[in-house]
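# Structural characterization, general
Below are the chains, spelled out letter by letter.
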Amino acid sequence: MTDETQAPRTAVVIPAAGRGVRLGPGTPKALRTLHGTPMLVHAVRAMAASRAVSLVVVVAPPDGVAEVRAMVDDHLHPAEAPSFAPARRGGGDETDIRVVAGGETRQESVRRGLDALPDDVTAVLVHDAARPLVPVEIVDGVVEAVRGGAPAVVPGLPLSDTVKEVGPLAGGATVPGEPVVATPERARLRAVQTPQGFDREALDRAHRQGPVEGEGATDDAGLCERLGLPVVVVPGHEEAFKVTRPLDLVLAEAVLARRRANDGY
Ligand SMILES: Nc1ccn([C@@H]2O[C@H](COP(=O)(O)OP(=O)(O)OP(=O)(O)O)[C@@H](O)[C@H]2O)c(=O)n1
Ligand SMILES: C[C@](O)(CO)[C@H](O)COP(=O)(O)O
């Protein structure tokens, strides 16, 4: 077992400032409830369940910082249980939870979360509020790989669908539908999830290179790849799926119902 007093200080940045356009109109996605609890509260709990995590920075919608602070205090710092760590295995020490304002893009929101970290943090996880149900084993696996010396670590799963690359036909010919230009070898592809884990200095440097557009801009590991840093994949989990479209809410409620039936979660 890791001696946490000797280990580097690990913090988590949770970008939660997105609107959730693909989920449809309504409250910002991270503030919507699953089984009566806001999605971002599930995400914070999932991170704090790891003994390695001592600080969580939630990046809230810019106009929702006070609301998110109150939500965190209501759900995670109840007066009757100041030592919040309900699912922490064998732990019991408090997790510090801070809330800062997010930006226009996920990349900008993560950067603002990084700016809020104290100097003594040496390892950082970045976890989407939109992946509220990631099991603690996945969090611990990412932390272990970062502590083992990997500068950037992503949890990932093999794909079950065949993937096609589409694009314009040579010569500009037009056909009905989207022309397929390639079929990448599926065995070499991984669908990556969060939390993604980083050496703090590497991630700071990746974000300092400025806004990146297009390929490599949709996750933090992509920014590290742009710098030429090695990125490794460790096992992900089906329950770490991202709540993106309405059907994902149905799946998330079903997973929570199963957990409640199995272990009273
Ligand atoms: N400006 C933004 C955009 C996204 N995110 C966060 O990044 C994570 C992954 O983004 P995604 O699932 O795309 O969320 P949304 O941007 O909210 O979704 P959509 O693209 O459908 O609007 C989410 O936890 C989201 O809150 C963020 O903090 N700041
Ligand atoms: C970071 C991420 O969850 C990894 O799969 C993903 O890239 C986020 O993408 P989104 O378009 O911002 O949802």
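The rules behind each value
Residues numbered from 1 in each chain as written. Chains lettered and ligands numbered in written order. Predicted model: local features only at pLDDT ≥ 70, side-chain atom pairs only at ≥ 80, totals over all residues. Heavy atoms only, no water. UniProt positions renumbered as here; feature names shortened; annotations may be inferred. Near = heavy atom within 4 Å. Polar contact = N/O pair within 3.5 Å; in protein donor to acceptor, adjacent residues only side chain to side chain. Areas by Shrake-Rupley, 256 points an atom, 1.4 Å probe, with all protein chains shown as cover. Nonpolar A, V, L, I, M, F, W, Y, C, P; charged D, E, K, R; others polar. Salt bridge = Lys/Arg side-chain N within 4 Å of Asp/Glu carboxyl O. Buried < 20%, exposed > 50% of the residue type's maximum accessible area, 1.4 Å probe, protein only. Helix = DSSP H or I, 4+ residues; strand = E, 2+ residues; numbered from the N terminus. Core = buried A, V, L, I, M, F, W, Y, C linked by side-chain atoms within 4.5 Å. Contact = heavy atoms within 4.5 Å.

As named in an unreviewed UniProt entry, the protein chain is 2-C-methyl-D-erythritol 4-phosphate cytidylyltransferase, taken from Streptomyces gougerotii. According to its UniProt record, the protein chain has this under Sequence similarities (unreviewed entry): "Belongs to the IspD/TarI cytidylyltransferase family. IspD subfamily." Annotation of the protein chain in UniProt includes, under Catalytic activity (unreviewed entry), the sentence "2-C-methyl-D-erythritol 4-phosphate + CTP + H(+) = 4-CDP-2-C-methyl-D-erythritol + diphosphate".

### Describing the site of ligand 1
Taken together, 18 residues surround ligand 1, and among them Pro15, Gly20, Val21, Arg22 and Ser109 come closest. Within the contact set of ligand 1, an oxygen atom lies 2.7 Å away from a backbone nitrogen or oxygen of Pro15. Burial of ligand 1 by the protein chains amounts to 86% of its free accessible area of 560 Å². Within the shell around ligand 1, the residues separate by chemical class into six nonpolar, five polar and seven charged.

### Observations concerning the pattern of salt bridges
Evaluated as defined, the whole model comprises 13 salt bridges. Between Asp96 and Arg98 there is a salt bridge whose closest N-O contact spans 2.9 Å. Asp96 gets classed as partly exposed once you look at its relative accessible area, which sits at 30%. Accessibility expressed as a relative area gives 31% for Arg98, which makes it partly exposed. Here Asp204 and Arg200 are joined by a salt bridge, their closest N and O atoms 2.9 Å apart. One end of the pair, Asp204, and the other, Arg200, are both in helix α5 (residues 200–208), four residues apart, so they sit about a helical turn from each other. Here the residues in one salt-bridge network are Arg106, Asp128, Arg131 and Asp220, joined through shared partners.

### Looking at the site of ligand 2
Surrounding ligand 2, one finds Arg22, Arg106, Asp128, Arg131, Val192, Thr194, Thr218, Asp219 and Lys242. Arg22 places a side-chain nitrogen or oxygen 3.1 Å from an oxygen atom of ligand 2. Within the complex, 75% of the 360 Å² of free accessible area of ligand 2 lies under protein. Here the residues of the shell around ligand 2 sort into one nonpolar, two polar and six charged.

### Comments concerning the nonpolar core
In this structure, Ile14, Leu40, Val44, Met47, Val56, Val58 and Val68 are the most contacted members of the largest nonpolar core, which totals 35 residues. At the level of secondary structure, the elements contributing two or more residues to this core comprise β1 (9–15), α1 (39–48), β4 (53–60), α2 (65–76), β5 (96–101), β6 (121–126) and α4 (136–147). Other than its neighbours up to four places away in sequence, Ile14 contacts Ala43, Val44, Met47, Val56, Val57, Val58, Val59, His127, Asp128 and Ala129. Counting residues in each nonpolar core, the second largest holds 23 residues, with Val110, Leu117, Ala206 and Val212 among its members.

### Side note on the UniProt feature "site: Positions MEP for the nucleophilic attack" (unreviewed entry) in the protein chain
UniProt records the feature "site: Positions MEP for the nucleophilic attack" (unreviewed entry) for Arg186 and Lys242 in the present numbering. Counting through the fold element by element, Arg186 comes out in the loop between β9 (180–182) and β10 (190–192). Not counting chain neighbours up to four residues away, the residues in contact with Arg186 comprise Leu159, Ser160, Asp161 and Thr162. There is a polar contact of 3.0 Å between the side chain of Arg186 and the backbone oxygen of Ser160. Here Lys242 shows up in the loop between β12 (231–235) and α7 (246–263). Within the structure, the side chain of Lys242 is placed 3.0 Å from the side chain of Thr244, a separation counted as a polar contact.

### Some words on the UniProt feature "site: Transition state stabilizer" (unreviewed entry) in the protein chain
Here the UniProt feature "site: Transition state stabilizer" (unreviewed entry) sits at Arg22 and Lys29. Tracing the backbone through its elements, the reader meets Arg22 in the loop between β1 and β2 (33–34). Of the residues examined, Arg22 reaches a relative accessible area of 52% and is grouped as exposed. The contacts of Arg22, once residues within four sequence positions are left out, are Lys242, Thr244, Arg245 and Pro246. Turning to its location among the elements, Lys29 is positioned in the loop between β1 and β2. When its relative accessible area of 12% is taken as the criterion, Lys29 is described as buried. Excluding its chain neighbours within four sequence positions, the residues that come into contact with Lys29 are Gly18, Arg19, Gly20, Leu23, Met39, Ala130, Val243 and Thr244.

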